[in-house]
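Single-letter residue listing:
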Amino acid sequence: MADGLENLDDPDDPDDAEDPDDLDDPDDPRITTGTPAHLDGDLDEVDAGRLLALYERMALIRRTEQAAHALSLAGPVKGATHLAAGHEAVAVGASAALRPDDYVFATYRGHHHALARGATPEECLAELMGRATGLCRGKGGSTHLTKASVGMLGSYAVVGAHLPMAVGAAWSARLRGTDRIAVAFFGDGATNVGAFHEALNLAAVWRLPVLFVCENNLYMEYTPTADVTAVPRPAADRAPAYGLDGEVVDGNDVVLVRRAVARLADRARAGEGPGLLEARTYRHYGHSRADPGTYRPADEVAHWLRHDPLDLARAPARRPRRVHPRRRRARRADGRPGRRGGRAGTRARPRRGAHRRMGRRRCRMADMITYREAVAEGLAREMRRDPTVVCLGRDIAEAQGVFRTTAGLLKEFGPQRVWDTPISEQAVLGAAMGAAMTGTRPVVEIMFSDFLACCWDYLANEIPKARYVTGGQVTVPLVVRTANGGGLGLGAQHSQATENWALTVPGLKIAAPSTPADVVGMLAAAVRSDDPVVFFEHKALHATQGPPAPPDHLVELGRARVVRPGRDITVVALAAMVPVALEAARLLAEEGVDAEVVDLRTLVPLDAATVLGSLARTSRLVTVEENPYQGGWGGTLVSIVADEGFGLLDAPVRRVAGECVPLPCADTLEQRVVPTVGRVMGTVRDLTAY
């Protein structure tokens, strides 16, 4: 018996026999009943053999969950386990309606989905116990079960985070000309997080082949969902806001779940857009192994145990009548408010010779290229080279980007490779992740690096960890481009240098070029990387000029460059601080100080070897960084020098960094916060005199 259910009424006791009236009250929040017209009549029935197979799969899941619970109590399973006993019909019925090559994304309560898609109990339990024979080689555990070979692309510990990923997988499937669909399973509690709403909107606007299946077990964790949700049906009642039909199904009836999902899947494959299904079900255990579930009323638990999905499948005659779907009319007859769309696999052809004209305009007519032009050129080169490279972001298509860093891309590559998005950073970055996991190489633009905070879960928890927690089953080859840094007087929320935010997250590569040629070469390396790259483009450099990159230019990530040789002191800088350091070095040379300037170019991988080699020649070190002194990248570099090159130093190391205050708008105040040529010169003078 599950924890917290020890005092339940006995369903076999005549006094506790099922009351048929319990299933007929349309206001009963426990279960929705009725016989919908679209399920009446001459529908395909599940024959006895098929029903037996569905039952056996559900029974296998139930036995595996019981074993997981026992192992958890006994000790071999560490950490939290969130069991889905009671939810089996949702996973098995839905999986039976899907194809083996479809994509599935699940919540942390996702054991049943892994098993329904074809994972074995042995490899699931081994993963729970942290063994190398587990699904993810013991690196993911209970909340990250993944079996990519059967389309099970993970269960996710952060509530709702995977919904945009499923949107991205569906987008990728369409871009690649397949008729695969993606399905996101989620709990009722996820309907109150922002990612749910952003994902539904993006899926509807782009008319994508994705299904959203809510497993509504009435409790978001310990709190009844009804107590914290404004609508009675948390998923279905929200669907009409996005032009979707919201349907409700008895999630304990495997046959009805299969039918409902099959119908929605057929619509999605036919190009009719996303669907949403709310499956009413109930978990037999508490939220996790630490939860006895005593907050749930005994009569409520007894009611749901009398409608155990295994019992319903084993005795079809006792199944409750078919459920009443809450069908919603779309706001438009075609179900889609936007202008973009098209059937699966449609693509716009680039205009003949467009890239050649662009190349002549930029390289033949001028000997120099601006930093912002280099961004567009670097993207165009990679998009020509690799048809799986796609760009998405706010205002990047017809508007060509707020900084015009995507100029010409829509004209050359068309709307199937250059996508405008809503102001929905979570949906955009999550969708890019899902697309990257399924065969495309997205380049997503987050307009200002300050806005990375709006989608930080994806940069801190999801994207950089996916390859590791899946045991290497999936890679996430995506680039996050973002305009970074101060110097334009845009104030505290549009001017921060945020490279140091990403530096705290294992699994991300970090690039920050300082010249147009490096923009092209480093962008090429970033797009080709199988690991995610955050690509910081400094706003103050957009108008600067430099020689154009040669054909096929590629700059390996993790290679710093000595941009000015010197003998007396090493000055290490990044991005917009490189020209500051170079100007300081030029002026110091007039005073007889010969400074060597090193452009780090990337923070991860960090080329400490080049810095140490320079330090061996100069014996003195200054770092120049726009990040605040507190937590800036210079602290990391200095700690490496202290560990590996202390004997090379003839003087203390000094850091010239941003002040630890919000970025002001006024020019005079901003110059007091961000490192200047004068501050660098003063620090160098002090050290050379030491």
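Keep in mind that this is a model prediction, so the values were computed, not measured.

A. Representation of the overall build of the chain. Within the chain one finds 22 helices and 20 strands. For the chain, the proportion of its 690 residues judged to be buried stands at 59%. Carbon together with sulfur atoms contributes 51% to the accessible area of the chain, which is approximately 26,400 Å² in total.

B. View of the nonpolar core. Phe105, Trp171, Phe212 and Met433 are the most contacted members of the largest nonpolar core, which totals 88 residues. Here this core takes 9 residues from helix H5 (residues 162-175), the largest share from any one element. Dropping the residues within four chain positions of it, Met433 is found in contact with Tyr156, Met165, Glu462, Ile463, Ala466, Val476 and Leu478. Counting residues in each nonpolar core, the second largest holds 56 residues, with Val520, Ala525, Ala573 and Val656 among its members.

C. Representation of the sheet that holds strand S1 (residues 103-107). Across the sheet, which stays open at both edges, the 6 strands sit in the order S2-S1-S3-S4-S6-S5 with parallel pairing between neighbours. A single partner strand is all that each edge strand has here, and the edge strands are strand S2 (152-156) and strand S5 (246-250). The mean inter-strand angle of the sheet, taken between neighbouring strand axes irrespective of direction, is 20 degrees. Pairing geometry for S1 and S2, over 3 bridges, is parallel. Paired with Thr107 across the two strands is Tyr156, which belongs to S2.

D. Looking closely at the sheet that holds strand S17 (residues 595-599). Spatial ordering of the open sheet is given by S15-S17-S16-S19-S20, a layout of 5 strands whose pairing is mixed. Looking along the sheet, the strands with just one partner apiece sit at the ends: strand S15 (561-564) and strand S20 (654-658). Going across the sheet, the axis of each strand differs from the next one's by a mean of 25 degrees, ignoring polarity. Pairing of S15 with S17 involves 3 bridges; the strand directions are antiparallel. Paired with Arg561 across the bridge in S17 is Asp599.

E. Looking closely at the pairing of S17. Within S17, 5 of the 5 residues are buried, leaving the element largely enclosed by the surrounding structure. Of the two faces of S17, the one lined by Ala595, Val597 and Asp599 and the one lined by Glu596 and Val598 are each fully buried. The pairing of strand S16 (residues 569-573) with S17 spans 5 bridges and is parallel. Opposite Ala573, over in S17, you have Asp599 as the bridge partner. A crossover links S16 with its parallel partner S17, the connecting element being helix H18 (residues 577-589), and its sense is right-handed.

F. Fine view of the pattern of salt bridges. Going through the model one piece at a time under the given rule, you end up with 29 salt bridges. Of the charged contacts in the structure, one is a salt bridge between Asp102 and Arg269, with a shortest N-O distance of 2.5 Å. Taken together, the residues span a long stretch of sequence, with Asp102 in the loop between helix H2 (88-97) and S1 and Arg269 in helix H7 (residues 254-269) at a distance of 167 residues. Relative accessible area serves as the criterion here: at 0%, Asp102 is assigned to the buried category. Because the salt bridges share partners, they merge into one network encompassing Arg99, Asp101, Asp179 and Arg180.

G. Layout of the side chain of Lys147. Within the secondary structure, Lys147 is located in the loop between helix H4 (121-128) and S2. For Lys147, a relative accessible area of 17% corresponds to the buried category. With residues up to four places along the chain from it excluded, the contact list for Lys147 reads Gly118, Ala119, Glu123, Leu135, Met152 and Gln473.

H. Just the pairing of S5, in detail. Counting buried residues along S5, 5 of its 5 residues qualify, which places the element largely inside the surrounding structure. Note that S5 and strand S6 (residues 275-280) share 5 bridges and pair parallel. Each residue of the ladder has a partner; that of Asp250, found in S6, is Arg280.

I. Expanded view of the packing of aromatic side chains. The final tally for this structure, using the stated rule, is 12 aromatic pairs. Ring centres of Phe186 and Phe196 lie 5.6 Å apart, and the angle between their planes is 55 degrees; on these two criteria the pair is classed as tilted. Here Phe186 is found in strand S3 (residues 182-187), whereas its partner Phe196 is found in helix H6 (residues 194-205), with 10 residues between them in sequence. For Phe196, a relative accessible area of 0% translates into the label buried. Look at Trp456 and Trp501: their rings are 6.0 Å apart centre to centre, the planes differ by 85 degrees, and that puts the pair in the edge-to-face class.

J. Representation of the packing of helix H1 (residues 48-74) against H2 within the structure. Packing of H1 against H2 leaves a shortest axis separation of 9 Å and a crossing angle of 135 degrees. Of the possible angle classes, the one that applies to H1 and H2 is oblique. Between H1 and H2 the crossing geometry is right-handed. Note on element contacts: H2 touches H1 through Glu88, Ala89, Val92 and Ala96, opposite Arg50, Leu54, Arg57, Met58, Ile61 and Arg62.

K. Inspection of empty space enclosed by the protein at higher detail. Applying the stated rule across the entire model yields 7 cavities of 30 Å³ or more. Lining the second largest cavity are Gly393, Arg394, Thr421, Pro422, Ser424, Glu425, Val428, Glu445, Ile446 and Met447. Secondary structure elements with two or more residues in the lining of the second largest cavity: helix H13 (425-436) and strand S10 (441-448). Residues of the lining of the second largest cavity, tallied by class, amount to 4 nonpolar, 3 polar and 3 charged.

L. Quick peek at unusual backbone geometry. Of note, the amide linkage connecting Val604 to Pro605 takes the cis form, showing an omega dihedral of -5 degrees. For Pro605, the position within the fold is in the loop between strand S18 (602-604) and helix H19 (608-618). One non-glycine residue, Arg207, lies in positive phi territory at about 55 degrees. Checked against the element boundaries, Arg207 lands in the loop between H6 and strand S4 (210-216). What makes Arg207 buried here is its relative accessible area of 19%.

Procedures and definitions
Residues numbered from 1 in each chain as written. Predicted model: local features only at pLDDT ≥ 70, side-chain atom pairs only at ≥ 80, totals over all residues. Heavy atoms only, no water. Helix = DSSP H or I, 4+ residues; strand = E, 2+ residues; numbered from the N terminus. Buried < 20%, exposed > 50% of the residue type's maximum accessible area, 1.4 Å probe, protein only. Areas by Shrake-Rupley, 256 points an atom, 1.4 Å probe, with all protein chains shown as cover. Core = buried A, V, L, I, M, F, W, Y, C linked by side-chain atoms within 4.5 Å. Contact = heavy atoms within 4.5 Å. Pairing = 2+ DSSP bridges. Axes fitted to C-alpha atoms, helices over the stretch in contact; angles between N-to-C directions. Right-handed = clockwise from strand over helix to strand, strands pointing away. Salt bridge = Lys/Arg side-chain N within 4 Å of Asp/Glu carboxyl O. Phe/Tyr/Trp six-rings, centres within 6.5 Å; stacked < 30°, edge-to-face > 60°. Parallel < 35°, antiparallel > 145°, perpendicular 65-115°, else oblique. Left-handed = near helix turned anticlockwise from the far one by under 90°. 1 Å grid on protein atoms, 1.4 Å probe; cavity = no way out; pocket = protein on both sides within 12 Å on 5 of 7 lines; lining within 4 Å. Points joined across faces, edges and corners; volume = space filled by probe spheres on them. Nonpolar A, V, L, I, M, F, W, Y, C, P; charged D, E, K, R; others polar.

None of the figures reported here should be taken as evidence of function without further support.
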